Amino acid sequence: MIWYTALVLAVAGERLAELAVALRNTRWALARGGVETGRAHYPAMVALHTALLLGCLVEVRLADRPFMPLFGWAMVAVVAAAQGLRWWCIRTLGHRWNTRVIVVPGLPLVTGGPYRLLRHPNYVAVAAEGLALPLVHGAWVTAVLFTVLNAALMAVRVRCEEAALTAASAAGVPA
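Scoring rules and cut-offs
- Residues numbered from 1 in each chain as written.
- Predicted model: local features only at pLDDT ≥ 70, side-chain atom pairs only at ≥ 80, totals over all residues.
- Heavy atoms only, no water.
- Core = buried A, V, L, I, M, F, W, Y, C linked by side-chain atoms within 4.5 Å.
- Buried < 20%, exposed > 50% of the residue type's maximum accessible area, 1.4 Å probe, protein only.
- Contact = heavy atoms within 4.5 Å.
- Phe/Tyr/Trp six-rings, centres within 6.5 Å; stacked < 30°, edge-to-face > 60°.
- Helix = DSSP H or I, 4+ residues; strand = E, 2+ residues; numbered from the N terminus.
- Salt bridge = Lys/Arg side-chain N within 4 Å of Asp/Glu carboxyl O.

**Quick look at the nonpolar core**
Right, so step 1: Core analysis: the largest hydrophobic core is formed by 24 residues, its most contacted members being Tyr4, Val8, Cys56, Val79, Leu133 and Val136.
Right, so step 2: In contact with Val136, not counting residues within four places along its chain, are Trp3, Tyr4, Leu7, Phe67, Gly72, Met75, Val76 and Val79.
Right, so step 3: The next biggest cluster of nonpolar side chains, apart from the first, holds 11 residues, and it includes Leu85, Trp97, Tyr115 and Ala125.

The following block contains the structure:
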């Protein structure tokens, strides 16, 4: 359980690093006239992602979930791949990557990196990590709850992003 706690704490540390990048990028975007949308769902997203990390540790401890090596190590590989995909997204978007929905007028839509393959690759990383991280140590209740709640939240989030990009395009901005 100690190494699993270390893994969850490492993911938490990675999330804090993301928030630092997002804060810097928010300042950059707003200084260039960026428009934020979707503020209402942001607190729910923060709460869900925090609950994922806590749920991993609490369920494993209280339900005495076992570590099943073959499956557990496969899930560690999925978590690592999800981190790689997330940081590929962050690197590809540069200053435009954010945990918030902010569109800067006049910037073209990014179509390189993982965005040449998927419209919303960061959310694929989130979904994979949210399923795999709990399953590393058998926390299947946390995995199911996060996956269901995240799917509902992503339906809202993707609609919000698409609407913001469409509005920017309609205003003559290439999005």
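**Examining the packing of aromatic side chains**
Right, so step 1: Scanning the entire structure with this criterion turns up 4 aromatic pairs.
Right, so step 2: With 6.2 Å between their ring centres and 75° between their planes, Trp3 and Tyr4 make a pair best called edge-to-face.
Right, so step 3: Tyr4 sits in the buried class, given a relative accessible area of 0%.
Right, so step 4: On the numbers, 5.6 Å between centres and 80° between planes, the contact of Phe67 with Trp73 is edge-to-face.
Right, so step 5: What makes Phe67 partly exposed here is its relative accessible area of 23%.
Right, so step 6: Taken together, Trp3, Tyr4, Phe67 and Trp73 form an aromatic cluster joined through their ring pairs.

**Here we look at the side chain of His41**
Right, so step 1: Here His41 shows up in the loop between strand E1 (35–37) and helix H2 (42–62).
Right, so step 2: Given a relative accessible area of 9%, His41 falls into the buried group.

**Things to note about the pattern of salt bridges**
Right, so step 1: Under the counting rule described, the total for this entry stands at 11 salt bridges.
Right, so step 2: A salt bridge links Glu129 to Arg86, with the nearest nitrogen and oxygen atoms 3.2 Å apart. Of the two residues, Glu129 sits in helix H4 (residues 121–135) while Arg86 sits in helix H3 (residues 69–93), which places them 43 residues apart along the sequence. Taken as a pair, Glu129 and Arg86 share a single burial class, namely buried.
Right, so step 3: Residues Glu162 and Arg119 are paired through a salt bridge, measuring 2.7 Å at the closest nitrogen-oxygen approach. Taken together, the residues Glu162 in helix H5 (residues 140–170) and Arg119 in the loop between strand E2 (101–103) and H4 connect sequence positions 43 residues apart.
Right, so step 4: With relative accessibility at 42%, the residue Arg119 sits in the partly exposed group.
Right, so step 5: Here the salt bridges share partners, and the residues they tie into one network are Glu14, Arg15, Glu18, Arg86 and Glu129.

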